[in-house]
Amino acid sequence: MTPFVAELIGTAMIITLGNGVVANVILDKTKGNGGGLIAITIGWSMAVFVGVYMTAAASGAHLNPAVTLALTMQGKLAWHMVPLYMSAQLLGAMLGSGIVWLMYRNHLDTTSDAATCLAVFSTSPAINNPLQNFLTEMLATMVFLVGVLCITSAEHSLGALNALPVALLVLAIGLSLGGPTGYAINPARDLGPRIMHALLPIQGKGGSDWQYAWVPVAGPLVGAAIAAWLYSSCLS
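We now turn to the structure provided with this report. (Residues numbered from 1 in each chain as written. Predicted model: local features only at pLDDT ≥ 70, side-chain atom pairs only at ≥ 80, totals over all residues. Heavy atoms only, no water.)

Some details on the overall build of the chain
Within the chain, the regular secondary structure consists of 9 helices and 0 strands. Reading the secondary structure of the chain in the N-to-C direction produces α-α-α-α-α-α-α-α-α. Radius of gyration (C-alpha) of the chain: 17 Å, near the 18 Å computed for a compact globule of 236 residues. Projected onto the principal axes, the alpha-carbon positions of the chain cover approximately 50 × 40 × 30 Å. Expressed as a percentage of the 236 residues in the chain, the buried residues total 50%. Intrachain contacts of the chain at a sequence separation of at least 6 include 77% that bridge at least 24 residues. A total accessible area of about 10,400 Å² is found for the chain, and carbon and sulfur atoms account for 69% of it. Across the chain, the 7 positively charged side chains and the 8 negatively charged ones have centroids separated by 8 Å. (Helix = DSSP H or I, 4+ residues; strand = E, 2+ residues; numbered from the N terminus. Rg over C-alpha atoms; globule rule 2.2 N^0.38 Å. Buried < 20%, exposed > 50% of the residue type's maximum accessible area, 1.4 Å probe, protein only. Contact = heavy atoms within 4.5 Å. Areas by Shrake-Rupley, 256 points an atom, 1.4 Å probe, with all protein chains shown as cover. Lys, Arg positive; Asp, Glu negative; His and termini not counted. Charge placed at Lys NZ, Arg CZ, Asp CG, Glu CD.)

Section: the nonpolar core
With 39 residues, the main nonpolar core has Trp44, Val52, Phe144 and Leu145 as its most contacted residues. With 7 residues, the top contributor of residues to this core is helix α6 (residues 130-152). In contact with Phe144, other than residues within four places in its own chain, are Asn64, Val67, Val166, Leu169, Val170, Ile173 and Ile185. (Core = buried A, V, L, I, M, F, W, Y, C linked by side-chain atoms within 4.5 Å.)

Quick look at unusual backbone geometry
Look at Ile185: it is not a glycine, yet its phi comes out positive at around 45 degrees. Along the chain, Ile185 falls in the loop between α7 (164-177) and α8 (187-199). A relative accessible area of 5% places Ile185 in the buried class.

Section: the packing of aromatic side chains
Summed over all chains, the structure comprises 2 aromatic pairs. Geometrically, the ring pair formed by Phe49 and Tyr53 is stacked, given 6.1 Å between the ring centres and 20 degrees between the ring planes. Of this pair, Phe49 and Tyr53 both sit in helix α2 (residues 36-59), 4 residues apart, which is roughly one turn of the helix. Between Phe134 and Trp214, the ring centres sit 5.8 Å apart and the planes meet at 25 degrees, which makes this aromatic pair stacked. (Phe/Tyr/Trp six-rings, centres within 6.5 Å; stacked < 30°, edge-to-face > 60°.)

Notes on helix α4 (residues 82-110)
With 29 residues, α4 extends 40 Å between its outermost C-alpha atoms, agreeing within 8% with the 42 Å of an ideal straight helix rising 1.5 Å per residue. In α4, a bend of some 75 degrees at Tyr104 exceeds every other bend along the element. (Expected span 1.5 Å × (residues − 1). Bend = angle between axes of the 7 residues up to and from the residue.)

Looking at the pattern of salt bridges
By the definition in use, this model includes 1 salt bridge. The salt bridge partner of Arg194 is Asp190, with a shortest N-O separation of 2.8 Å. Note that Arg194 and Asp190 are positioned in helix α8 at a spacing of 4 residues, about one turn of the helix. Using a relative accessible area of 0% as the deciding quantity, one classes Asp190 as buried. (Salt bridge = Lys/Arg side-chain N within 4 Å of Asp/Glu carboxyl O.)

Brief notes about the packing of helix α1 (residues 3-26) against α2
The geometry of α1 relative to α2 is characterised by a closest axis approach of 9 Å and an angle of 170 degrees between their N-to-C directions. Between α1 and α2, the crossing angle belongs to the class labelled roughly antiparallel. Here the contact of α1 with α2 is built from residues that sort into 19 nonpolar, 8 polar and 1 charged. (Axes fitted to C-alpha atoms, helices over the stretch in contact; angles between N-to-C directions. Parallel < 35°, antiparallel > 145°, perpendicular 65-115°, else oblique. Nonpolar A, V, L, I, M, F, W, Y, C, P; charged D, E, K, R; others polar.)

Description of α7
The end-to-end C-alpha separation of α7 is 19 Å, in line with the 20 Å expected for 14 residues at 1.5 Å each. Taken together, the buried positions of α7 are occupied by Val166, Ala167, Leu169, Val170, Leu171, Ile173 and Gly174. Looking at the buried positions of α7, the neighbouring elements they touch are α2 and α6.

What about the packing of α1 against α4?
Look at α1 against α4: their axes get within 7 Å of each other, and the N-to-C directions meet at 35 degrees. Crossing angle aside, the handedness with which α1 passes α4 is right-handed. In terms of residue class, the contact of α1 with α4 is built from 15 nonpolar, 10 polar and 1 charged. (Left-handed = near helix turned anticlockwise from the far one by under 90°.)

This is the structure in structure tokens:
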């Protein structure tokens, strides 16, 4: 499996399972309706576990442009590979959200609240304050990437469970720092599904909130750059 294919398939798996649990919890008339935050955060962490486990050997399991940026700044990936990785991640996120739409399209069509339908695809702030929302995404991603860089530099191995520390880190971020913005911490995770929301036929779906879309893209990328600098300056 080539790195491009691995990043595409791995990201698609994460978005299928991650956005799938969101759909199951928040859409009308699903079996999981009302499952709450704990179900969503555990579902997302397990989605990351599966994606990382599947693709670690083939591509390093970046599955996130912010991770790609941080690891490239650390010299773990050549800069000319960055467009390949990031395009695969974006396409994978679009594919994964398309699969979720196919699975839940009846529930999307019967859910009357347009904001709830959008939440199946992309993140949104609990309190709309773009600069504060940007800061939140930046800091959450910085914390996430510092953890990732420390994990990837560890000398010990957990064998088949090597993907578990990253999954637990995502769970911790979701439970602790996910409240203000829904913790995108991944530009492809938000942008790819948001594009699909704009393109797919969903009854009464409303707009895709493009005025907010820069926050979950720019915030994680800036946070990743800061994390890489902090790791190089203080932790390596």
